[in-house]
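# Fold and contact review
What follows is the residue order along each chain.
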Amino acid sequence: MLRPWAAHWIAAVLLCGAVAQYSSDQCNWRGSGLSHESHRRDVEQVYLRCSQGSLEWLYPTGAIIVNLRPNTEPSSGHMAGLHVCIKPYTYSQGSHVYLERAGDLTLLLAEKDHAQGTVHCFSLAEGALFVEAVPQTDISRRITAFQYELVPSQGPGAHMYPYLHSGSVTCKPCSDEEVLMAVCTSDFAGSGIFQGVTSGTNDHAPVVVTLSRLFRQKSRVFAWSGARGRRWSGRINVPSQCGVHPGGDEYLLTGSVHFGGAWLGCAPRYKDFLKLYVRAQKAGTNPCQIDTD
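These lines cover the structure that appears in this document, whether it is placed above or below. Source: prediction; values computed, not measured.

### A look at the nonpolar core
- Counting 25 residues, the largest nonpolar core has Val66, Leu68, Ile86 and Leu129 as its most contacted members.
- Elements with a minimum of two residues in this core: β3 (43–48), β4 (52–58), β5 (63–68), β6 (82–88), β7 (95–101), β8 (104–109), β10 (128–133) and β11 (143–152).
- Not counting the four nearest positions on each side in its chain, valine 66 is found in contact with Val46, Leu48, Leu55, Ala128, Leu129 and Val131.

As structure tokens, this is what we get:
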């Protein structure tokens with residue numbers, strides 16, 4: 001429901017125009033409320049066109065609207081099923097964050113919740129981010145800051161990311177087609193074993209893993225420990241309801257990287273994956289080639 005004060009903000013954007021301020025690199029934005037403190041009813045439009053980045057709003061006053069869009073042609077279909085995930089820095093404060101669509105505001109993140117650093121996701125089709133400064137007598141130490149990512153809600157292993165599917169994460173195995181695609185397109189892929197579960201949250205738990213093969217990794221989430229047996233080691237976040245068995249079979253481990261952390265996606269037993277991979281190779285249906293030796 002749109003409240004009276006919110007109606008004023010939206011009217012300021014639609015009828016009077018807004019102060020436009022663009023990110024210099026289209027991925028990250030850093031601005032200051034002091035630049036229009038004398039015009040507290042101004043609403044700045046911020047446009048970000050990367051798959052990930054950050055926003056930092058110093059001394060927040062008034063409000064900003066953050067428009068997040070992928071750097072692709074609308075006709076390409078890449079926007080279909082895309083979600084936006086934001087993660088506030090624990091020092092972030094001074095603002096409430098809403099979703100704005102057609103003049104309606106829905107609270108996404110209250111100021112008191114920023115310090116928890118919890119990830120919040122929403123469909124790109126639901127609207128833009130409306131960030132409203134909380135009135136303060138002293139804004140000298142207020143900074144609103146968060147990271148953002150554009151995340152596909154479909155694809156191999158996407159059903160395992162709890163922030164996209166709050167309360168409805170499924171631990172079902174991936175199909176043969178999804179497993180083959182995951183090896184080629186996931187942020188990381190390798191073979192290894194689960195070593196042990198560490199303390200986590202109600203949503204997920206980090207699992208220590210050791211990999212004997214590493215086919216790919218988007219960022220350095222796994223560290224080389226060649227001096228101790230020619231292996232890679234790291235941690236993978238696993239939804240709490242999806243049990244793992246430390247010290248058991250070797251698995252093909254694939255998944256995605258979000259805000260610097262690895263999340264498990266498709267993970268069949270490695271011996272089962274090898275049989276599937278060989279069959280697909282003989283049939284000429286492998287989407288990509290990897291060294292399984």
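So much for the structure itself; the text now carries on.
### Regarding the sheet that holds β4
- A sheet is described by the order of its strands in space; here five strands give the open sequence β2-β4-β11-β6-β9, paired in mixed fashion. Edge positions in the sheet fall to β2 (28–32) and β9 (120–123), since each has one partner strand and no second. For this sheet, the mean angle separating the axes of adjacent strands, direction not counted, is 20°.
- For β4 and β11, the ladder comprises seven bridges, and the chain directions are antiparallel. Across the sheet, residue leucine 55 finds its bridge partner in β11, namely phenylalanine 146.

### Regarding the packing of aromatic side chains
- All told, the structure shown has ten aromatic pairs when counted by the stated rule.
- Measuring from ring centre to ring centre gives 5.4 Å for tyrosine 89 and tyrosine 91, while their planes differ by 15°; the resulting arrangement is stacked.
- Given the relative accessible area of 41%, tyrosine 91 is considered partly exposed.
- Seen in terms of ring centroids, phenylalanine 188 and phenylalanine 222 are 5.3 Å apart; in terms of plane orientation they differ by 75°. Their pairing is edge-to-face. In this pair, phenylalanine 188 sits in strand β12 (residues 188–197) while phenylalanine 222 sits in strand β14 (residues 222–224), placing the two residues 34 residues apart along the sequence. Accessibility assignment for this pair places phenylalanine 188 and phenylalanine 222 in one class, buried.
- One aromatic cluster is present, built from ring pairs that chain together Tyr161, Tyr163 and Trp263.

Scoring rules and cut-offs
- Residues numbered from 1 in each chain as written.
- Predicted model: local features only at pLDDT ≥ 70, side-chain atom pairs only at ≥ 80, totals over all residues.
- Heavy atoms only, no water.
- Core = buried A, V, L, I, M, F, W, Y, C linked by side-chain atoms within 4.5 Å.
- Buried < 20%, exposed > 50% of the residue type's maximum accessible area, 1.4 Å probe, protein only.
- Helix = DSSP H or I, 4+ residues; strand = E, 2+ residues; numbered from the N terminus.
- Contact = heavy atoms within 4.5 Å.
- Pairing = 2+ DSSP bridges.
- Axes fitted to C-alpha atoms, helices over the stretch in contact; angles between N-to-C directions.
- Phe/Tyr/Trp six-rings, centres within 6.5 Å; stacked < 30°, edge-to-face > 60°.

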